[in-house]
Amino acid sequence: MPPTALIHSIESVRRRARWLSVAYGMGIVLAVAVGLLVGVVLVDYILNLPAIPRILVMLVALGSLGYVAYRFVARPATTAMSLSDVAGRLERAFPQFEDRLRSTVNFADGHNPGSAVLQDRVIEQATQIAKEVDLGKAVLAKPAAMSVSGGVAAVVFMLVIALGLMDANIRNIIASRLITPFSAAAWPKRVMINVTSEIPARVPVGQKIELSMKLDKGDKPTLKPIVYYQIEGGMRQQVFMTRGEDGQFHAALDARLEQAATSGKLTAWIEAGDDSRMLAPITIVPRLSIKQITARVTPPAYVPNRARTEQDMGVSPAVAAEGSEIAIATRFN
């Protein structure tokens, strides 16, 4: 093997190492891309992110993927590796060269002037050793093959899940939330509230407002539905709903009014998991009571002046002559 052939062999090893490094990096990039995509979708689904936070999460994922691509693909593909460096690595794989291979590269480049006889002797020995070994075995293809296989397997696994096992509506929602964040479709509810009690439009102050609801979807023992309510002009309050023997959840709200208030509105909503239901406003009114009783007295026929009079019976009893016509008028609050 002439020196030029030996140099060509080292160059071939360098090209092989570079391509295997790039292939190894491509496998990592594919696997990381699948992992980041799945991670973004899961974070968005669990947290139900609005558009801006979702875009930020996607930008972080793209930045991470870009760094991985630079670290494992672009840098190995563009990093210069001299023949002397390759020769040094080959000598670590084949110790029998004993620095002859690197010296041969240096001699071929004319960097080490010296005895031509000695250089020829070193080149001849390196060439003889190169005939007895396979330089290509110094670069292992197994790590690159495993990396590429892993990346392809990750992509195939994702496609099987997305196309074979995932509902088409879910795929459309994922695509919409990733491609058009500001006009994205909403995730399907994991919990669905069904209010089963009738909500009164008006209740007297002090009365209990009974609420009942069941979960058509997402019911589980650890779920604790909460009723939030606020009386007009007051602070927001909350009540935990309890599960009854009928399997439904129940809660009771107190219809109260602020001091000096004659009426008010109560707004309430139920939250359970990722679902919420706003209830119709309830007007709170005072309890029914008599405000005034008036006696309207018309004197009898024998009285010359039969002018009718009104007497407030809350102030004093009504007084009338025998034979008078009395009409009682009752006013309520």
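Small disclaimer: the values here were computed from a predicted structure and weren't measured.

Please explain the overall build of the protein as it appears in this structure.
On a plain count of helices and strands, the protein comes out with seven helices and 13 strands. Among the 333 residues that make up the protein, the fraction classed as buried is 30%. A separation threshold of at least 6 residues defines the contact pool for the protein, and within that pool the share at least 24 residues apart is 63%. Carbon and sulfur atoms make up 60% of the accessible area of the protein, which amounts to about 20,600 Å² in all.

Would you mind showing me how to read the sheet that holds strand S6 (residues 242–243) here?
What links the strands of a sheet is backbone hydrogen bonding, and the strands pair in either a parallel or an antiparallel sense. Ordered in space as S1-S3-S7-S6, the four strands form an open sheet in which the pairing is antiparallel. The two strands at the open ends of the sheet, each matched to only one other strand, are strand S1 (192–195) and S6. Where S6 and strand S7 (residues 249–254) come together, two bridges link them in antiparallel fashion. Across the sheet, Thr242 pairs through a bridge with His250, a residue of S7.

Would you explain the nonpolar core in this entry?
A general feature of soluble globular proteins is that nonpolar side chains tend to end up buried together. Among the nonpolar cores identified, the biggest contains 23 residues, and Ile209, Leu215, Val227, Leu253 and Leu266 are the most heavily contacted of them. When residues of this core are traced back to their parent elements, those giving at least two are strand S3 (208–217), strand S4 (226–231), S7, strand S8 (264–272) and strand S10 (282–285). When sequence neighbours within four positions are dropped, the list of residues in contact with Leu253 reads Gln207, Lys208, Ile209, Leu211, Val227, Tyr229, Val239, Leu266 and Ala268. With five residues, the next largest nonpolar core counts Val22, Val29, Val68 and Val73 among its residues.

Is there a simple way to explain the sheet that holds strand S12 (residues 309–312) in this structure?
Sheet architecture is open: three strands sit in the order S12-S11-S13, paired in antiparallel fashion. Strand pairing shows two members of the sheet lacking a second neighbour, S12 and strand S13 (325–332), which therefore form its edges. The mean angle between the axes of side-by-side strands here comes to 25 degrees, regardless of whether they run parallel or antiparallel.

What's the story with the environment of Lys142 in this structure? I'm lost.
Here Lys142 lies in helix H6 (residues 142–165). Distance in space between the C-alpha atoms of Lys142 and Tyr24 is 9.5 Å, their sequence separation being 118 residues.

Sorry if this is basic, but what is going on with the environment of Gly233 here?
By the element assignment, Gly233 lies in the loop between S4 and strand S5 (236–240). A C-alpha to C-alpha distance of 8.9 Å links Gly233 and Lys265, two positions 32 residues apart in sequence.

Looking at this structure, how should I read the packing of aromatic side chains?
We describe a pair of aromatic rings using the distance from one ring centre to the other and the angle between the two ring planes. A full pass over the atoms with the stated rule returns two aromatic pairs. Measuring from ring centre to ring centre gives 5.1 Å for Tyr45 and Trp187, while their planes differ by 80 degrees; the resulting arrangement is edge-to-face. One end of the pair, Tyr45, is in helix H1 (residues 3–47); the other, Trp187, is in the loop between helix H7 (168–179) and S1, with 142 residues separating them in the sequence. Note on Tyr45: relative accessible area 27%, which makes it partly exposed. Aromatic pair Tyr228 and Trp269: ring centres 5.8 Å apart, planes at 20 degrees, arrangement stacked. Note that Tyr228 is positioned in strand S4 and Trp269 in strand S8, a separation of 41 residues in sequence. Residue classification places Tyr228 among the buried positions, given a relative accessible area of 12%. For Trp269, a relative accessible area of 15% puts it in the buried group. When the ring centre of Phe72 is taken as reference, the NZ or CZ atom of Arg71 above it lies at 4.8 Å. The ring centre of Tyr45 lies 4.6 Å from the NZ or CZ of Arg190, which sits over that ring.

Just to check I follow, could you spell out the pattern of salt bridges for this structure?
One side chain can pair with another of opposite charge once the charged atoms of both are near each other. If you walk through the whole model with that rule in mind, you get eight salt bridges. One salt bridge in this structure joins Asp254 and Lys208, with 2.4 Å as the shortest N-O distance. Highlighted residues: Asp254 in strand S7 and Lys208 in strand S3, separated in sequence by 46 residues. Of the charged contacts, one joins Asp219 and Arg243 as a salt bridge, the two residues approaching to 2.9 Å between their closest N and O atoms. One end of the pair, Asp219, is in the loop between S3 and S4; the other, Arg243, is in strand S6, with 24 residues separating them in the sequence.

Looking at this structure, I do not really get helix H2 (residues 51–78). What am I missing?
Because each turn of an α-helix spans 3.6 residues, side chains separated by three or four positions end up pointing in the same direction. For H2, built from 28 residues, the straight-helix expectation of 40 Å at 1.5 Å per residue is met to within 8% by its first-to-last C-alpha distance of 38 Å. Ala51, Arg54, Met58, Ala61, Val68 and Val73 are the residues of H2 that are buried.

About the thresholds
Residues numbered from 1 in each chain as written. Predicted model: local features only at pLDDT ≥ 70, side-chain atom pairs only at ≥ 80, totals over all residues. Heavy atoms only, no water. Helix = DSSP H or I, 4+ residues; strand = E, 2+ residues; numbered from the N terminus. Buried < 20%, exposed > 50% of the residue type's maximum accessible area, 1.4 Å probe, protein only. Contact = heavy atoms within 4.5 Å. Areas by Shrake-Rupley, 256 points an atom, 1.4 Å probe, with all protein chains shown as cover. Pairing = 2+ DSSP bridges. Core = buried A, V, L, I, M, F, W, Y, C linked by side-chain atoms within 4.5 Å. Axes fitted to C-alpha atoms, helices over the stretch in contact; angles between N-to-C directions. Phe/Tyr/Trp six-rings, centres within 6.5 Å; stacked < 30°, edge-to-face > 60°. Lys NZ or Arg CZ within 6 Å of the ring centre and 35° of its normal. Salt bridge = Lys/Arg side-chain N within 4 Å of Asp/Glu carboxyl O. Expected span 1.5 Å × (residues − 1).

Treat this as a map of the structure, not an account of what it does.
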